Every structure is written in C-alpha cells, then in structure tokens.
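# Examination of the molecular architecture
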Amino acid sequence: MTYALLVQGAPYTHQAALSALRFGRAVVERGHRLKTVFFYHDGVHNASALMTPPQDEVHLAEGWRSLHRGQGTELLVCVAAGLRRGLLDEGEASRHGQIASNVAPPFELTGLGQLLDAMEHHDRMLTFSP
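Residues numbered from 1 in each chain as written. Predicted model: local features only at pLDDT ≥ 70, side-chain atom pairs only at ≥ 80, totals over all residues. Heavy atoms only, no water.

The next thing to look at is the overall build of the protein. Counting secondary structure elements, the protein contains five helices and five strands. Seen in sequence order, the protein has helices and strands lined up from the N terminus as β-α-β-α-β-α-α-β-α-β. Against the 2.2 N^0.38 benchmark of 14 Å for 130 residues, the protein shows a C-alpha radius of gyration of 14 Å, consistent with a compact globule. Overall, the protein is about 45 × 35 × 25 Å in size when its C-alpha atoms are taken along their principal axes. Per-residue burial for the protein yields a buried fraction of 42% across its 130 residues. Within the structure as shown, the protein displays about 6,900 Å² of accessible surface, and the carbon and sulfur contribution to it stands at 48%. When the 11 positive and 13 negative side-chain charges of the protein are each reduced to one mean point, those points stand 4 Å apart. (Helix = DSSP H or I, 4+ residues; strand = E, 2+ residues; numbered from the N terminus. Rg over C-alpha atoms; globule rule 2.2 N^0.38 Å. Buried < 20%, exposed > 50% of the residue type's maximum accessible area, 1.4 Å probe, protein only. Areas by Shrake-Rupley, 256 points an atom, 1.4 Å probe, with all protein chains shown as cover. Lys, Arg positive; Asp, Glu negative; His and termini not counted. Charge placed at Lys NZ, Arg CZ, Asp CG, Glu CD.)

The following block contains the structure:
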C-alpha cells in the first residue's frame, strides 16, 4: 500500500509531528511505502533547516530527511503557509528580496494541488494535527 501523511502540527509544540514521523517509520517497517508527506499550517515548521533540538531529543527534520533518503518520500511544504510563517527556499527568498532561505532539499515548497494529487493517488492518507 502507498501512504500519504498530512502534518499540521509544529515540531515540539504538539504531538502531531512526532506521531506522524513514528507512524511513517512504522509504515515502512511493515513493508508499505510512504510516498508523500505534506506539511500544512504550522506543520510547515518541520521543514526548517535551522531546527537544532537538544541532543537528547528526537530531531524531527532529520527524521523526515531519513525517510526521504531511505524511501524517496516526497517532503512537500505548502508554499502559502510557509511564506506566511517565514519559511522560504532559495527561489522564494530571491523572488521576495529576502537575504536568506531556511528550507533546504529534500523539502520542497509546493501548492495545494500536490495535496489533492496525493489524496487521489495514494491508497491511504492520514492527517496528524493538534
């Protein structure tokens, strides 16, 4: 089965992001495919390249990157929600005249059309929100 996750909770603020990451790992361990993770609302903060948690905490951004490396999981970030919250990739930073970016690959800014595509083309979609 192919799975997609919709993550709406900010990292370290609510349990949603950590629960989604744990669920994603469990899906993979059971032989399924986690094809897409879409970050929306405050969930876009999971894509911050500047996230630096204490060493004794789970590094959520690194956990998502690990799923991408191991499974090719798409890590899609809603561009509108990201821009509102100050999350920009290099292209958006340049387009808006900002001096820096803080969203790095494999996370990619994209539109809601990608979320609709995931809903239509995956066997299951689960939402994790506060």
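We now examine the sheet that holds strand S4 (residues 107-110). A sheet is described by the order of its strands in space; here five strands give the open sequence S4-S3-S2-S1-S5, paired in parallel fashion. For this open sheet the edge positions go to S4 and strand S5 (124-128), each flanked by a neighbour on one side alone. On average, adjacent strands in this sheet sit at an angle of 25° to one another, irrespective of strand direction. Judged from the four bridges that link them, strand S3 (residues 74-78) and S4 form a sheet pairing that is parallel. Bridge pairing in S4 links Leu75 to Phe107. Running over the sheet, helix H2 (residues 60-71) touches strand S1 (2-7), strand S2 (33-39), S3 and S4 and is turned about 140° from S2. In this fold helix H5 (residues 112-121) packs onto S1, S2, S3, S4 and S5, with an angle of close to 150° to the strand it touches most, S2. (Pairing = 2+ DSSP bridges. Axes fitted to C-alpha atoms, helices over the stretch in contact; angles between N-to-C directions. Contact = heavy atoms within 4.5 Å.)

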